[in-house]
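Each chain, written out:
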Amino acid sequence: DTAVSQTPKYLVTQMGNDKSIKCEQNLGHDTMYWYKQDSKKFLKIMFSYNNKELIINETVPNRFSPKSPDKAHLNLHINSLELGDSAVYFCASSSKAQVKYFGPGTRLTVT
Amino acid sequence: GENVEQHPSTLSVQEGDSAVIKCTYSDSASNYFPWYKQELGKRPQLIIDIRSNVGEKKDQRIAVTLNKTAKHFSLHITETQPEDSAVYFCAARASGTYKYIFGTGTRLKVLA
């Protein structure tokens, strides 16, 4: 089951570093998302792209920059990592039918 | 702003009993209501959804009900089993948008 895949699955890094997370979907969906899930399990939307166009940009520090090279890919680059960035980041995709599929998540730990 | 309240935050039931999780949404334009199950260390997975033109939907032991007037929707799990133990999230989506507003989650424990 590789409908929505993310790499890496685990990411441990030090404060101040820059890191990227990659996401790919093979469902033919036109919309992709990044969510952050904190230690309390709250799921918060960060960004969404529709056909490579940014359509949702929540109140997220500008250290976070999404990039969508094509409809099937959505990457997340994070600059100057902080302790509070530690969380699980989920990529997701959906079609016009609205059903949303999540990737397996990337557990980011900033030390 | 848009908001989805979910209750309870934790729920323990004996195996075989029923479990009910309730959500209330604020945006009257919401027309799609999915429920996700997230097992420990795994991704949220859609288990059932309902659209605003339907009042109830059932899939085996799982059912969802929607009261548009009161802006409530609920997840019902009957004959619970230990494998139902997980965190459950409700969500609401407004027509013409791609944005889901998620509830805060309910941790369900089914005691054997």
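Residues numbered from 1 in each chain as written. Chains lettered and ligands numbered in written order. Predicted model: local features only at pLDDT ≥ 70, side-chain atom pairs only at ≥ 80, totals over all residues. Heavy atoms only, no water.

What to know about the packing of aromatic side chains
For any pair of aromatic rings, the description rests on two quantities: the centre-to-centre distance and the angle between the ring planes.
Part 1 of the argument: For the structure shown, the criterion picks out 15 aromatic pairs over all chains.
Part 2 of the argument: Measuring from ring centre to ring centre gives 6.2 Å for A:Tyr33 and A:Tyr35, while their planes differ by 35 degrees; the resulting arrangement is tilted.
Part 3 of the argument: For A:Tyr33, a relative accessible area of 1% puts it in the buried group.
Part 4 of the argument: With a centroid separation of 6.0 Å and 55 degrees between ring planes, the pair formed by B:Tyr25 and B:Phe73 is classed as tilted. Of this pair, B:Tyr25 sits in strand E3 (residues 19–25) while B:Phe73 sits in strand E8 (residues 72–77), and the two are 48 residues apart along the sequence.
Part 5 of the argument: In textbook terms, an aromatic cluster arises when at least three aromatic residues are bridged by ring pairs, as seen for A:Tyr33, A:Tyr35, A:Phe90, A:Phe102, B:Tyr32, B:Tyr36, B:Phe89, B:Tyr100 and B:Phe102.
Part 6 of the argument: Sitting above the plane of the B:Tyr100 ring, A:Lys100 keeps its charged end 3.6 Å from the centroid. (Phe/Tyr/Trp six-rings, centres within 6.5 Å; stacked < 30°, edge-to-face > 60°. Buried < 20%, exposed > 50% of the residue type's maximum accessible area, 1.4 Å probe, protein only. Helix = DSSP H or I, 4+ residues; strand = E, 2+ residues; numbered from the N terminus. Lys NZ or Arg CZ within 6 Å of the ring centre and 35° of its normal.)

Points about the pairing of strand E9 (residues 87–94) of chain A
Residues and elements named next belong to chain A.
Part 1 of the argument: The element E9 is extensively covered by neighbouring structure, given that eight of its eight residues are classed as buried.
Part 2 of the argument: Side chains Ala 87, Tyr 89, Cys 91 and Ser 93 of E9 all project onto a buried face; the interleaved residues Val 88, Phe 90, Ala 92 and Ser 94 project onto the opposite face, where all are buried too.
Part 3 of the argument: Relative to E9, strand E4 (residues 31–37) is paired through seven bridges, and the arrangement is antiparallel. Its bridge partner being in E9, Tyr 33 is matched across the sheet by Ala 92.
Part 4 of the argument: Note that E9 and strand E11 (residues 106–110) share three bridges and pair antiparallel. By the bridge assignment for E11, Ala 87 is matched with Leu 108.
Part 5 of the argument: As judged from the three bridges shared by E9 and strand E10 (residues 100–102), these two strands associate in the antiparallel manner. Counted as the bridge partner of Ser 93 is Tyr 101 from E10. (Pairing = 2+ DSSP bridges.)

A word on the interface of chain A and chain B
Part 1 of the argument: Facing 21 residues of chain A, the contacting portion of chain B comprises 17 residues.
Part 2 of the argument: When residues of chain A are sorted by the area they lose upon contact with chain B, A:Lys41, A:Gln98 and A:Phe102 head the list and together hold 31% of the total.
Part 3 of the argument: Linking chain A to chain B there are one salt bridge.
Part 4 of the argument: Taking the shortest distance from any N to any O, the salt bridge between A:Glu58 and B:Lys99 comes out at 3.0 Å.
Part 5 of the argument: Across the contact surface, chain A and chain B share six residue pairs in polar contact (both at pLDDT 80 or more).
Part 6 of the argument: Among the elements of the structure, E4, strand E5 (43–50), strand E6 (53–57) and E10 of chain A are those that each provide at least two residues to the side of chain A that touches chain B.
Part 7 of the argument: The biggest single contributor to the side of chain A that touches chain B is E4(A), with four residues. (Contact = heavy atoms within 4.5 Å. Buried area = accessible area lost by both parts, 1.4 Å probe. Salt bridge = Lys/Arg side-chain N within 4 Å of Asp/Glu carboxyl O. Polar contact = N/O pair within 3.5 Å; in protein donor to acceptor, adjacent residues only side chain to side chain.)

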